[in-house]
Amino acid sequence: MPSALDSVDDGQVWADVFIFGQKTRISLPRCEVALPREVHRLGMHTTRAQPVDLADCLPELLPMARTTTRLHPCPGNPSTSDSSVGGPLCWPAVEPWPHCTTPHDAPTDGVHEPRGPVPLVPVVQLYARDVPELPFPPGTDVLQVLWCPFDHPDDDEGPWPRPALYWRDEAAVGAQLAADPPEPSEGNPFGTVPRPCLVDPEQVVEYPNPDELEYQPERASRIAALEAATGWSYFRHLSVAPGVKAGGWPGWTQPPRWPECACGRRMEHLITVSSREYDVESGKRWAPIQHVGADIDPRVDSIERGFSPTSLCIGDMGGMHLFVCRSCPGTPWAYRFDCS
């Protein structure tokens, strides 16, 4: 019974097994597997092509197409010189590690006691060499996002982690931290510290979430007819790419809440940090073909499970959208948390 290892993702091992000449694809028991960067950076993730020609049935959406960069995080061992999710950061030795000084309650034996300053957790680091389409301010080539993993119920965004954003010039960082950053605080809420992942950037074209579109009965009828004829859902399969990504459209679960800059302009989407790359329904389109194969019929084929390589669980498997204004000095930014 010869077999061939096919792929390793999120601790899941897939293999092709040949039994009496018949090839069968099986999944082996999950294990903790971290891919070396030499193995990971081989274009392991390819999104299937748009399965429906929108030019035929929804031509008015074509001008709304945007390019997003799916980061495809995968458990690995990133270094400070890698773009990563949850990996170590290129942090200047002369710059203190940031802490959140907002009071946090820490449950101890059922009693909530005040907690001291909390070290921020690395969430995303992106280098311009990997994601050049990001709007890096002049003189910078590194984007870093950290957050305080504890709830902040008094924030306008509700009881979710509070992020911080840094733009850097890699060449100007100089000496980096000699020691690892502070360990995450004990008692962090479940799912708020990302598992270290390498990224495998891939550009894809996406279209706006249905809630971004002005309701038009005639267009709604065309979308319904398209879905009935093909089995592909505009919301789940044909519009916004899920997962951790840069640029493009934010994948709202709740009604859109675009932040507005102080200058009066609507900010543009920078990155999304999501709890999962796809679920059992959206995965029919957005799961990389290396995960599920190249041929999917949405009416009869199913995806066994979703994919959550970062181990994040924000709210009800939601995520965080970050936005920037490139028109104002200092590149102002804002964030929105979004979950079902």
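Bear in mind that the values here come from a model prediction, so they are computed numbers and not experimental data.

Asks: What exactly am I supposed to notice about the overall build of the protein chain here?
Replies: Secondary structure summary: the protein chain contains seven helices and 19 strands in total. In the protein chain, buried positions account for 49% of the 340 residues. Counting only carbon and sulfur atoms, one obtains 54% of the accessible surface of the protein chain, whose full area is about 15,900 Å².

Asks: What should I look at first to understand the pairing of strand S19 (residues 333-338) in this one?
Replies: Each regular strand shows side chains that alternate between the opposite faces of the sheet. Across the six residues of S19, five count as buried, placing the element largely inside the fold. Across six bridges, strand S18 (residues 319-324) lies against S19 in antiparallel orientation. From the neighbouring strand, Val324 faces S19, where its bridge partner is Trp333.

Asks: Sorry if this is basic, but what is going on with the layout of surface pockets here?
Replies: Here the largest pocket defines a volume of roughly 550 Å³. As for the largest pocket, its lining consists of 28 residues, and the residues nearest its centre are Arg236, Pro242, Gly251, Trp252 and Thr253. When contributions to the lining of the largest pocket are tallied by element, the ones reaching two or more residues are helix H5 (234-238), strand S17 (268-274) and S18. Looking at the lining of the largest pocket, the element that brings in the most residues is S17, giving three residues. Within the lining of the largest pocket, the residues separate by chemical class into 10 nonpolar, 12 polar and six charged.

Asks: It is not clear to me how unusual backbone geometry should be interpreted in this structure. Could you clarify?
Replies: The phi torsion of most residues other than glycine is negative, and most of the peptide bonds are trans. A positive phi angle, near 50 degrees, is found at His72, a position not held by glycine. Counting through the fold element by element, His72 comes out in the loop between strand S4 (66-70) and strand S5 (74-75). Of the residues examined, His72 reaches a relative accessible area of 3% and is grouped as buried.

Asks: What exactly am I supposed to notice about the environment of Pro259 here?
Replies: Considering the arrangement of structural elements, one finds Pro259 in the loop between strand S16 (245-246) and S17. Judged by its relative accessible area of 2%, Pro259 falls in the buried class. With 76 residues separating them in the primary sequence, Pro259 and Tyr335 have C-alpha atoms 7.6 Å apart. Non-local contacts of Pro259, meaning those with residues more than four positions away in its chain, are made with Arg265, Arg266, Met267, Phe323, Ala334 and Arg336.

Asks: What exactly am I supposed to notice about helix H4 (residues 217-230) here?
Replies: For an α-helix, the turn length of 3.6 residues means that residues three or four places apart are oriented alike. Here H4 is 14 residues long and its end C-alpha atoms lie 20 Å apart, about the 20 Å a rise of 1.5 Å per residue gives. Within H4 the residues assigned to the buried category are Arg219, Ile223 and Leu226. Along H4, the residues classed as buried sweep out an arc of 60 degrees about the axis, all on the same side. Those residues of H4 that are exposed and angled more than 90 degrees off the buried face are Pro217, Ala228 and Ala229. Close packing links the buried residues of H4 with helix H2 (54-57) and H5. Phi turns positive one or two residues past the end of H4, at Gly231, with a value near 85 degrees.

The rules behind these values
- Residues numbered from 1 in each chain as written.
- Predicted model: local features only at pLDDT ≥ 70, side-chain atom pairs only at ≥ 80, totals over all residues.
- Heavy atoms only, no water.
- Helix = DSSP H or I, 4+ residues; strand = E, 2+ residues; numbered from the N terminus.
- Buried < 20%, exposed > 50% of the residue type's maximum accessible area, 1.4 Å probe, protein only.
- Areas by Shrake-Rupley, 256 points an atom, 1.4 Å probe, with all protein chains shown as cover.
- Pairing = 2+ DSSP bridges.
- 1 Å grid on protein atoms, 1.4 Å probe; cavity = no way out; pocket = protein on both sides within 12 Å on 5 of 7 lines; lining within 4 Å.
- Points joined across faces, edges and corners; volume = space filled by probe spheres on them.
- Nonpolar A, V, L, I, M, F, W, Y, C, P; charged D, E, K, R; others polar.
- Contact = heavy atoms within 4.5 Å.
- Expected span 1.5 Å × (residues − 1).
- Arc of directions from axis to C-beta.

These results come straight from atomic positions and should not be treated as a statement about function.
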